[in-house]
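Notes for the structure review
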Amino acid sequence: MEMPGSSPSDSDPTSRAGASAAPPPRPPGAEAPPAVESGNRWPCDRVFVATFVLLAVAAIVPIWRVRFLPLLDLPNHLAAVHIWHSFDEPWTRFRDFYELSLRPAPYGAYHILTHVIAYGVGLENANRVVLSGYVLAIPAAALGWARRTRRSPWLSVLTFPLAFTLSWACGFLPFLVGVALLLAGVLALDAYLDRPSPLRGAAVALLSVGCGLSHPLILFGYYVCVAVLMLCHLPRWSRIAVALPLFAPAVALVLWQLVAFKSPMVDLRSGPRFQGVWVPWHEMLRSFPEYTLDSVSGDLDTRLFWVLFAVASLLGLSGAARRFLPGSSLPAREPAAPVGSLLDRLHRHRSLALCAAMAICYFLVPLHLARPFDWWFVSGRFSPFICFFGFLAITAPLQGRSRLLMAPAVAAALVLPLHLSEKYARFDERVAPFARMVERIPPGAEVLFLTLPPRTDESLIIEGTNHFSSWVQIMHGGFSADGWHNVGFPFTLKRRLPAPPSNRGEWFKPDVHGVAYDYVILRNERPDKPVFTAAHPSFRRIERDGAFTLYEHTR
């Protein structure tokens with residue numbers, strides 16, 4: 001490990017233990033090079049440790065400050081776990097509407113983790129624990145990757161905000177859990193290729209299966225990273241050959257999912273098997289800051305993206321101006337590429353190779369898919385991976401006063417979660433009447449929630465209450481007309497009640513939909529244009545509070 005002042009090479013020192021290369025001759029009058037520390041530990045930097053802990057605490061404040069975290073799809077995913085976790089509880093009445101379907105399926109990693117943790121801390125806290133793990137896994141993976149590639153640990157500060165992407169705002173929880181698994185899988189594979197061991201091999205195999213259980217797009221991105229990493233570790237052919245069987249369980253899982261697991265999400269009955277929407281590259285480039293760091297209303301979060309970008313650019317230029325020190329050779333049993341060769345440079349700069357691979361996915365994968373999956377926002381989900389590996393490709397050492405260059409990034413990483421928590425707290429205050437209304441409804445009653453135009457909220461960039469029908473289900477049980485009925489895991493639908501689409505509450509018809517429910521909660525009902533009129537005498541308004549109105553069906 002280089003001491004302060006040296007420019008680190010992109011290679012793991014553990015893989016080069018035992019090498020004994022003679023130092024190059026020093027020109028007359030030149031200063032002696034800094035001593036090289038034995039082992040693979042960084043010199044202790046108490047300022048960095050304190051900064052990292054502070055940012056880690058701040059990063060999870062938005063998750064634990066409020067009850068109703070306004071991530072679009074969160075209620076539906078959490079309700080799916082609730083159906084599984086509380087299926088046999090009489091008060092939930094889930095047996096009337098659902099059947100459990102516990103087969104290893106895509107999207108399952110989030111549900112499995114939350115279900116297991118809920119036994120110890122309850123459902124809603126389990127969700128917070130899983131989301132906190134995701135948020136902290138990104139800088140933790142950055143710290144591990146910086147150590148493996150011999151970069152400054154301070155670069156991990158740049159990755160703290162990358163948890164709060166557009167995918168976060170949309171509540172793509174299975175995908176977010178997959179992000180953490182993908183980054184951990186990259187670390188595990190890189191460590192295994194440098195120095196194989198049974199423990200590292202088991203980690204690669206388990207994390208590969210985890211990626212297969214998290215989200216299909218995560219699995220695709222992970223295998224892209226696997227291919228790039230193996231290329232970067234050439235000519236270690238024997239290690240690559242030994243690593244390949246480690247992916248057999250994940251490949252078997254994917255094949256089973258394709259052949260045996262028939263999800264209603266996959267539509268191949270007629271027409272073309274693949275349909276997607278591509279956006280011109282310049283539009284994708286223009287949208288990159290928003291896809292990477294836009295999750296609440298206002299433009300502060302995207303401005304903070306440019307702060308991170310400016311700091312990374314400055315550090316990148318500083319690192320490029322320095323001379324790279326050549327790495328040592330591997331032991332003769334598995335020699336590395338010759339020092340200074342193309343393969344040696346590729347290995348030392350594999351962060352850049354992974355960044356380039358993610359950028360190719362960002363521009364070549366369709367932005368939206370219609371077949372075989374109905375997915376919105378596909379290629380844009382690669383943007384945080386581009387930043388993650390791009391930030392960690394920087395070679396500039398950060399020691400002594402040079403650490404002050406990170407001050408704007410530290411400020412950005414601290415301000416962003418606190419800014420989000422303020423936005424979320426205001427949203428939580430506005431939906432507090434909703435929680436009180438649900439709590440006053442007697443057990444066993446069926447409840448329909450509808451949100452009417454305008455469905456937006458002043459704190460958010462998404463329609464944050466679209467899926468609150470599932471929050472009713474989490475709090476009160478019964479049927480949610482808005483659940484993930486088309487996934488096939490962890491439940492399948494047995495019986496349903498009539499309801500309009502979650503984002504079309506204005507299509508509600510009292511005589512068609514309302515008759516199946518005991519209570520109806522409306523958001524944004526206009527006093528001058530009530531949903532229930534004199535023509536519907538069986539519906540009685542019993543409370544109006546803020547934007548919410550509660551009706552009782554007297555039958």
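Shown above is the structure to which this text applies.
The text that follows walks through the structure, step by step, so that each part is easy to find.

Along the chain, the regular secondary structure elements total 19 helices and 8 strands. Counting all 555 residues of the chain, 56% fall into the buried class. Excluding contacts between residues fewer than 6 apart, the proportion of contacts in the chain whose partners are at least 24 apart in sequence is 80%. Summing over all exposed atoms, the chain offers an accessible surface of approximately 23,700 Å²; the carbon and sulfur share of this is 64%.

All right, on to the side chain of His476 then. Mapping His476 onto the fold places it in helix H19 (residues 468-476). Side-chain polar atoms of His476 contact the backbone oxygen of Pro442, separated by 3.4 Å.

Inspection of the entire model under this criterion finds 38 aromatic pairs. Seen from their ring centres, Phe434 and Phe449 are 5.4 Å apart, and the 80 degrees between their planes marks the pair as edge-to-face. Taken together, the positions of Phe434 in helix H18 (residues 432-440) and Phe449 in strand S4 (residues 447-451) put the pair 15 residues apart, joining distant regions of the chain. The same class applies to Phe434 and to Phe449, which are both buried. Arranged with centres 6.4 Å apart and planes meeting at 35 degrees, the rings of Phe449 and Phe548 form a pair that is tilted. Here the residue Phe449 occupies a position in strand S4, and Phe548 occupies one in strand S8 (residues 548-553), the gap between them amounting to 99 residues. Through a chain of ring-to-ring contacts, three or more aromatic side chains come together here, namely Phe288, Tyr291, Phe305, Trp306, Phe309, Tyr362, Phe363, Trp376 and Phe377. The side chain of Arg381 reaches across the aromatic face of Phe172, ending 4.1 Å from its centre.

Now for the sheet that holds strand S7 (residues 539-545). With mixed pairing, the 4 strands of this open sheet are ordered in space as S4-S6-S8-S7. Edge strands, defined here as strands with exactly one partner in the open sheet, are S4 and S7. Recorded for the sheet is a direction-independent mean angle of 20 degrees between the axes of neighbouring strands.

Of all hydrophobic cores here, the largest spans 142 residues; its most connected members are Leu158, Trp168, Met358, Phe434 and Ile521. Leave out the neighbours within four places in its chain, and Leu158 touches Leu308, Val311, Ala312, Phe391, Ile394, Met406 and Ala409. Core analysis: the next-biggest nonpolar cluster, separate from the first, contains 21 residues, Phe94, Leu450, Phe491 and Tyr551 among them.

Further remarks concern helix H7 (residues 173-194). Since the α-helix turns once every 3.6 residues, residues separated by three or four places project in the same direction. The first and last C-alpha atoms of H7 sit 32 Å apart over 22 residues, in line with the 32 Å expected at 1.5 Å per residue. The buried fraction of H7 is high, at 21 of 22 residues.

This part takes up the state of the cysteines. A complete count under the given rule lists 0 disulfides for this structure. Not part of a disulfide, Cys211 finds its nearest cysteine sulfur in Cys225, a span of 9.1 Å.

This next bit is on the packing of helix H5 (residues 123-148) against H7. In contact at an axis separation of 9 Å, H5 and H7 are set at 30 degrees when each is read in the N-to-C sense. Classified by the angle their axes make, H5 and H7 are roughly parallel. Judged by the sense of rotation from one axis to the other, the crossing of H5 with H7 is left-handed. In contact with Asn127, Val130, Leu131, Tyr134, Ala137, Ile138, Ala141, Gly144, Trp145 and Arg148 of H5, H7 contributes Leu173, Leu176, Val177, Val179, Ala180, Leu183, Val186, Leu187, Asp190, Ala191 and Asp194. A breakdown of the residues in the contact of H5 with H7 according to their chemical character gives 16 nonpolar, 2 polar and 3 charged.

Here the amide bond leading from Leu234 into Pro235 is cis, since omega sits at 10 degrees, within 30 degrees of zero. Cis geometry marks the peptide bond from Pro453 to Pro454; its omega dihedral reads -5 degrees. By the element assignment, Pro454 lies in the loop between S4 and H19. The phi angle at Phe377 is positive, at roughly 60 degrees, despite the residue not being glycine. As for its placement among the helices and strands, Phe377 is situated in the loop between strand S3 (368-371) and helix H16 (383-391). The class for Phe377 is buried, based on a relative accessible area of 1%. Even without being a glycine, Asn524 presents a positive backbone phi close to 70 degrees.

Our focus in this paragraph is the pattern of salt bridges. Inspection of every chain in the model, using the stated rule, returns 22 salt bridges. Of the charged contacts, one joins Arg286 and Glu283 as a salt bridge, the two residues approaching to 3.1 Å between their closest N and O atoms. One end of the pair, Arg286, and the other, Glu283, are both in helix H12 (residues 281-293), 3 residues apart, so they sit about a helical turn from each other. Classification of Arg286 as exposed rests on a relative accessible area of 55%. Judged by its relative accessible area of 29%, Glu283 falls in the partly exposed class. Residues joined in a network through salt bridges with shared partners are Arg148, Asp190, Asp194, Arg236 and Arg350.

Criteria and thresholds
- Residues numbered from 1 in each chain as written.
- Predicted model: local features only at pLDDT ≥ 70, side-chain atom pairs only at ≥ 80, totals over all residues.
- Heavy atoms only, no water.
- Helix = DSSP H or I, 4+ residues; strand = E, 2+ residues; numbered from the N terminus.
- Buried < 20%, exposed > 50% of the residue type's maximum accessible area, 1.4 Å probe, protein only.
- Contact = heavy atoms within 4.5 Å.
- Areas by Shrake-Rupley, 256 points an atom, 1.4 Å probe, with all protein chains shown as cover.
- Polar contact = N/O pair within 3.5 Å; in protein donor to acceptor, adjacent residues only side chain to side chain.
- Phe/Tyr/Trp six-rings, centres within 6.5 Å; stacked < 30°, edge-to-face > 60°.
- Lys NZ or Arg CZ within 6 Å of the ring centre and 35° of its normal.
- Pairing = 2+ DSSP bridges.
- Axes fitted to C-alpha atoms, helices over the stretch in contact; angles between N-to-C directions.
- Core = buried A, V, L, I, M, F, W, Y, C linked by side-chain atoms within 4.5 Å.
- Expected span 1.5 Å × (residues − 1).
- Disulfide = S-S within 2.5 Å.
- Parallel < 35°, antiparallel > 145°, perpendicular 65-115°, else oblique.
- Left-handed = near helix turned anticlockwise from the far one by under 90°.
- Nonpolar A, V, L, I, M, F, W, Y, C, P; charged D, E, K, R; others polar.
- Salt bridge = Lys/Arg side-chain N within 4 Å of Asp/Glu carboxyl O.

Keep in mind these numbers describe shape, not what the thing actually does.
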